[in-house]
Amino acid sequence: MLTQDAEIATLLRETRTIALVGASDRADRPSHRVMRSLQAHGYRVIPVNPQLAGTEINGMPVVAALADIAGAIDLVDVFRNSAAAGPVVDAAIAVGAKAVWLQLGVINPEAAARAEAAGLQVVMDRCPAIDIPRLRIAPVA
């Protein structure tokens, strides 16, 4: 599990494509604000939400599942409760994502251990929209 600032900064600098699971089309929701923040920083953010599949959030088409994303996924950002994070992590492993990021308050050590055993980097109980400015990560080119 990545806990050191230097490790987290490296992950954020190497990431280009983020699948945001639990994306919301409601501007007042944290997932919506974080998606907008990540996009403003230059990341390609693909919203994942089965109820909203076929619509758009922040100009990006929403997909129903990680398996519906064509191409490589660098990071899966999980906006689901701790219990629901397990199946999302398993899906991230199945699609070959490089890392999973469990948002603030999302704590699932068993899922994190499965991800690490499969070779994924794991961040838990943090928010990239907070860590990016705190760690002074330059915008993605």
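The rules behind the values
- Residues numbered from 1 in each chain as written.
- Predicted model: local features only at pLDDT ≥ 70, side-chain atom pairs only at ≥ 80, totals over all residues.
- Heavy atoms only, no water.
- Helix = DSSP H or I, 4+ residues; strand = E, 2+ residues; numbered from the N terminus.
- Rg over C-alpha atoms; globule rule 2.2 N^0.38 Å.
- Buried < 20%, exposed > 50% of the residue type's maximum accessible area, 1.4 Å probe, protein only.
- Areas by Shrake-Rupley, 256 points an atom, 1.4 Å probe, with all protein chains shown as cover.
- Lys, Arg positive; Asp, Glu negative; His and termini not counted.
- Charge placed at Lys NZ, Arg CZ, Asp CG, Glu CD.
- Pairing = 2+ DSSP bridges.
- 1 Å grid on protein atoms, 1.4 Å probe; cavity = no way out; pocket = protein on both sides within 12 Å on 5 of 7 lines; lining within 4 Å.
- Points joined across faces, edges and corners; volume = space filled by probe spheres on them.
- Nonpolar A, V, L, I, M, F, W, Y, C, P; charged D, E, K, R; others polar.
- Axes fitted to C-alpha atoms, helices over the stretch in contact; angles between N-to-C directions.
- Contact = heavy atoms within 4.5 Å.

Caption draft 1: A look at the overall build of the chain. Along the chain, the regular secondary structure elements total five helices and seven strands. The N-to-C order of helical and strand elements in the chain reads α-β-α-β-β-β-β-α-β-α-β-α. Relative to the globule expectation of 14 Å for 141 residues, the C-alpha radius of gyration of the chain, 14 Å, shows essentially globular dimensions. When the 141 residues of the chain are sorted by exposure, 49% land in the buried category. As displayed, the chain offers around 6700 Å² of accessible surface, 54% of which is attributable to carbon and sulfur atoms. Taking the average place of the 13 positive charges on the side chains of the chain and the average place of its 14 negative ones, the gap between the two points comes to 5 Å.

Caption draft 2: Quick peek at the pairing of strand β5 (residues 75-78). Along β5, one buried face is formed by Leu75 and Asp77 and the opposite face, lined by Val76 and Val78, is buried too. Two elements, strand β1 (residues 17-21) and β5, share four bridges in a ladder whose sense is parallel. What sits directly across from Leu20, in β5, is Asp77. With four bridges connecting them, β5 and strand β6 (residues 99-102) associate as parallel partners. Bridge pairing links Asp77 to Trp101 in β6.

Caption draft 3: Representation of the layout of surface pockets in the model. Its boundaries defined by the atoms lining it, the largest pocket holds a volume of some 190 Å³. In this structure, the largest pocket is lined by 14 residues; those nearest its centre are Val21, Val48, Ala64, Arg80 and Val88. When residues in the lining of the largest pocket are grouped by element, the largest group, four residues, is from helix α3 (residues 82-95). Tallied by class, the residues present in the lining of the largest pocket amount to eleven nonpolar, two polar and one charged. Empty space within the second largest pocket amounts to approximately 160 Å³. Taken together, Gly22, Ala23, Ser24, Asp25, Arg29, Pro30, Ser31, Asn49, Leu52 and Phe79 form the lining of the second largest pocket. Residues that form the lining of the second largest pocket fall into these classes: four nonpolar, four polar and two charged.

Caption draft 4: View of the sheet that holds β6. Reading across from one edge, β2-β1-β5-β6-β7 is the order of the five strands in this open sheet, with parallel pairing throughout. The outermost strands of the open sheet, each flanked by one partner alone, are β2 (44-48) and β7 (121-124). When the angles between neighbouring strand axes are averaged without regard to direction, this sheet yields 20 degrees. Direction of pairing for β1 relative to β2: parallel, over a ladder of five bridges. Bridged to Leu20 within β2 is Pro47. With respect to the sheet, helix α1 (residues 5-14) is in contact with β5, β6 and β7, its orientation differing from that of β6 by roughly 115 degrees. Against the sheet, helix α4 (residues 109-117) contacts β6 and β7, and its axis sits at roughly 160 degrees relative to β7.

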